[in-house]
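Working through the structure, step by step
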Amino acid sequence: MERRSASLHLLLHAAHLVEEALRDDFAAIGIQPRQARVLDTLERLGEVTQAEMARAHSVTAASMSTMIDRLADAGLVERRQHPQRRRDHIVSLTARGRDLLGAVDQVWQRCDERIESLIGKRQAKEYFATTRALRDGLGGEAPHRRAAKTAG
C-alpha cells in the first residue's frame with residue numbers, strides 16, 4: 001500500500017527552516033529566538049512573575065527558570081523575590097535588555113521581509129492571517145495577552 005505524505009509536513013518543515021534562519025540571525029546579537037520572545041513579552045507587560053511568564057509561553061516553570069537564568073546571566077533581565085509571596089520571583093527587563101529590543105525588532109522585521117520576498121506580499125499577508133487563525137483555533141494566543149489574562 002502506498003503511503004501518502006501529510007500536507008502538515010510542509011508546514012513543519014517550513015517552520016523548522018524559518019526557525020533555523022532566525023537562530024542564525026539572533027546568534028549575531030547573542031540570543032535565541034525563544035529568548036527574544038521572552039524579551040518581547042517583558043517589554044509589553046513590564047514586571048511579571050516567573051510563573052506568569054511560564055504560563056504565557058506555555059512552558060514548564062523549570063524551562064522558564066532556565067531561560068530566565070540565561071537571560072539574567074547575559075544581563076538582559078533581572079529577577080527579584082516577590083515582596084508578598086516569597087516563593088515567587090518577579091522578572092523585568094534591564095536597561096541592557098531594553099536596549100537590545102531594537103535589534104530584536106530588526107531581526108523579526110527581516111524575517112517577515114524574507115517571507116514576503118519568497119512568496120510575495122499578498123501571499124505573505126494571507127499566510128500570516130492563516131497562521132494566526134490556526135494558532136487561535138488551536139487555543140493559542142500571543143504570550144503577552146495570555147499573561148495579562150492570568151495576571152488580571
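Residues numbered from 1 in each chain as written. Predicted model: local features only at pLDDT ≥ 70, side-chain atom pairs only at ≥ 80, totals over all residues. Heavy atoms only, no water.

**Re helix H4 (residues 61-73)**
- The first and last C-alpha atoms of H4 sit 18 Å apart over 13 residues, in line with the 18 Å expected at 1.5 Å per residue.
- Every buried residue belonging to H4 is among Met-64, Met-67, Ile-68 and Leu-71, and all of these are buried. The buried side chains of H4 occupy one side of the element, clustering within an arc of 100° when seen end-on. Exposed residues lying more than 90 degrees from the buried face of H4 are Ala-62, Arg-70 and Asp-73.
- Along its buried surface, H4 packs onto helix H2 (33-45), helix H3 (50-56), strand S2 (77-81) and strand S3 (89-93). (Helix = DSSP H or I, 4+ residues; strand = E, 2+ residues; numbered from the N terminus. Expected span 1.5 Å × (residues − 1). Buried < 20%, exposed > 50% of the residue type's maximum accessible area, 1.4 Å probe, protein only. Arc of directions from axis to C-beta. Contact = heavy atoms within 4.5 Å.)

**Description of the sheet that holds S3**
- Strands sit in the order S1-S3-S2 across an open sheet of three strands; the sheet is antiparallel. Each edge of the open sheet carries a strand with a single partner, namely strand S1 (48-49) and S2.
- Here S2 runs beside S3; their pairing, made up of five bridges, is antiparallel. Paired with Arg-80 across the bridge in S3 is Ile-90.
- Lying on the sheet, H2 is in contact with S1, S2 and S3; it crosses S3 at an angle near 95°.
- The strands that H4 touches are S2 and S3; relative to S2, the one it contacts most, it runs at about 120°. (Pairing = 2+ DSSP bridges. Axes fitted to C-alpha atoms, helices over the stretch in contact; angles between N-to-C directions.)

**Let's talk about unusual backbone geometry**
- Phi at Ser-58 is positive, roughly 55°, even though this residue is not glycine.
- Since its relative accessible area comes to 55%, Ser-58 is described here as exposed.

**Some points on the pattern of salt bridges**
- Counted by the stated rule, this structure contains seven salt bridges.
- The partner of Glu-19 in a salt bridge is Arg-34, and the shortest N-O contact between them spans 3.4 Å. Of this pair, Glu-19 sits in helix H1 (residues 8-27) while Arg-34 is found in helix H2, placing the two residues 15 residues apart along the sequence.
- Judged by relative accessible area, which is 24%, Glu-19 ranks as partly exposed.
- With a shortest N-O distance of 3.0 Å, Arg-114 and Asp-25 are connected by a salt bridge. In this pair, Arg-114 sits in helix H5 (residues 95-119) while Asp-25 sits in helix H1, placing the two residues 89 residues apart along the sequence.
- Here Arg-114 falls in the partly exposed class, since its relative accessible area comes to 32%.
- Overall, Asp-25 belongs to the buried group, its relative accessible area being 16%.
- One connected set of salt bridges, linked through shared partners, spans Glu-19, Arg-23 and Arg-34. (Salt bridge = Lys/Arg side-chain N within 4 Å of Asp/Glu carboxyl O.)

**Thoughts on the pairing of S3**
- With four of its five residues buried, S3 lies for the most part within the structure.
- Here S1 runs beside S3; their pairing, made up of two bridges, is antiparallel. For Val-48, the partnering residue across the bridge sits in S3 and is Val-91.

**Here we look at the side chain of His-57**
- Residue placement: His-57 occurs in the loop between H3 and H4.
- Using a relative accessible area of 13% as the deciding quantity, one classes His-57 as buried.

**Description of the packing of H1 against H5**
- The contact between H1 and H5 brings their axes to 10 Å, and the two run at 145°. As for how H1 packs across H5, the hand of that crossing is right-handed. The segment H1 lies against H5, with Val-18, Ala-21, Leu-22, Asp-25 and Phe-26 engaging Val-104, Val-107, Trp-108, Arg-110, Cys-111 and Arg-114.
- Taken together, the residues that form the contact of H1 with H5 break down as eight nonpolar, no polar and three charged. (Left-handed = near helix turned anticlockwise from the far one by under 90°. Nonpolar A, V, L, I, M, F, W, Y, C, P; charged D, E, K, R; others polar.)

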